[in-house]
Amino acid sequence: MNHRTASLIAPFAALALTFSIAACGSDDDTTDATAATNEMAGDEMAMDGGEATVGDLTASGVWVREPAEGQTRSAAYGTIVNDGDSDVTLVAAAVPFDATVEIHETLMDDDGTMQMQEVPDGFVVPAGGSFTLEPGGPHIMLIDIDPADIAGTIEVTMSFDDGTDVVVEAPIRSLDMDMDSDMDMDSDMESDMESDSDG
């Protein structure tokens with residue numbers, strides 16, 4: 001190969017190398033963008049909560065509270081919509097790991113102290129209406145948990161008196177995602193632990 005041929009090939013080789021590097025960069029950028037999108041989707045799910053519909057019942061915005069360090073209790077929240085013609089009652093709930101799961105309400109004592117207690121009869125979801133489980137109010141209580149089980153998403157099964165079970169993939173909401181909810185839940189937890197120690 002003479003000098004003239006080599007001088008003609010060199011620019012094309014450099015150009016090919018440039019395209020090759022650009023292509024590699026493009027793959028990395030795509031991977032990074034996909035990872036970022038997936039992370040954002042996970043964060044959005046954690047904020048919005050899980051959703052599932054069985055028959056006339058829809059559970060939406062369902063999420064599980066990340067326990068504070070040292071706590072063996074958590075709670076699940078969300079909204080239940082009943083599109084049927086008859087009232088139904090949320091009577092029980094379950095999770096796929098060892099835990100005592102109870103339906104709780106939060107009450108305010110005369111002295112302004114919040115106390116939680118089990119509601120054995122459950123909560124009525126009116127026909128054509130909805131019922132909300134929320135921090136500082138009605139909720140599904142998870143007791144005697146292993147904090148390591150509260151990770152990723154959790155299957156929360158809501159059972160109703162008409163035999164319907166609604167299973168929702170509920171994301172974990174971290175302690176720093178919702179400061180108002182955290183404050184409400186911390187009050188709930190402290191009140192519940194106080195009532196346990198009093199009993």
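Residues numbered from 1 in each chain as written. Predicted model: local features only at pLDDT ≥ 70, side-chain atom pairs only at ≥ 80, totals over all residues. Heavy atoms only, no water.

A. Examining the pairing of strand β5 (residues 100-108) more closely. With five bridges connecting them, β5 and strand β9 (residues 139-143) associate as antiparallel partners. Directly across from threonine 100, in β9, lies its bridge partner isoleucine 143. Examined bridge by bridge, β5 and strand β6 (residues 114-118) share five bridges and lie antiparallel to one another. Looking across to β6, one finds that methionine 108 is bridged to methionine 114. Between the antiparallel neighbours β5 and β6 lie five residues, among them glycine 112 with a positive phi of about 90 degrees. (Pairing = 2+ DSSP bridges. Helix = DSSP H or I, 4+ residues; strand = E, 2+ residues; numbered from the N terminus.)

B. Main features of the packing of aromatic side chains. Evaluation of the coordinates by the stated rule reveals two aromatic pairs. On the numbers, 4.7 Å between centres and 45 degrees between planes, the contact of tryptophan 63 with tyrosine 77 is tilted. Within this pair, whereas tryptophan 63 is found in strand β2 (residues 57-65), its partner tyrosine 77 is found in strand β3 (residues 73-82), the two being separated by 14 residues in sequence. Each member of the pair, tryptophan 63 as well as tyrosine 77, carries the same accessibility label: buried. Positioned above the aromatic ring of tryptophan 63, the side-chain terminus of arginine 173 is 3.9 Å from the ring centre. (Phe/Tyr/Trp six-rings, centres within 6.5 Å; stacked < 30°, edge-to-face > 60°. Buried < 20%, exposed > 50% of the residue type's maximum accessible area, 1.4 Å probe, protein only. Lys NZ or Arg CZ within 6 Å of the ring centre and 35° of its normal.)

C. Molecular detail of the confidence of the model for the protein chain. Per-residue confidence for the protein chain gives a mean pLDDT of 77; residues scoring 70 or more make up 64%. Note that pLDDT drops below 50 for residues 29-43; the model gives that stretch one contact with residues more than four away or on any other chain. (pLDDT = per-residue confidence, 0-100. Contact = heavy atoms within 4.5 Å.)

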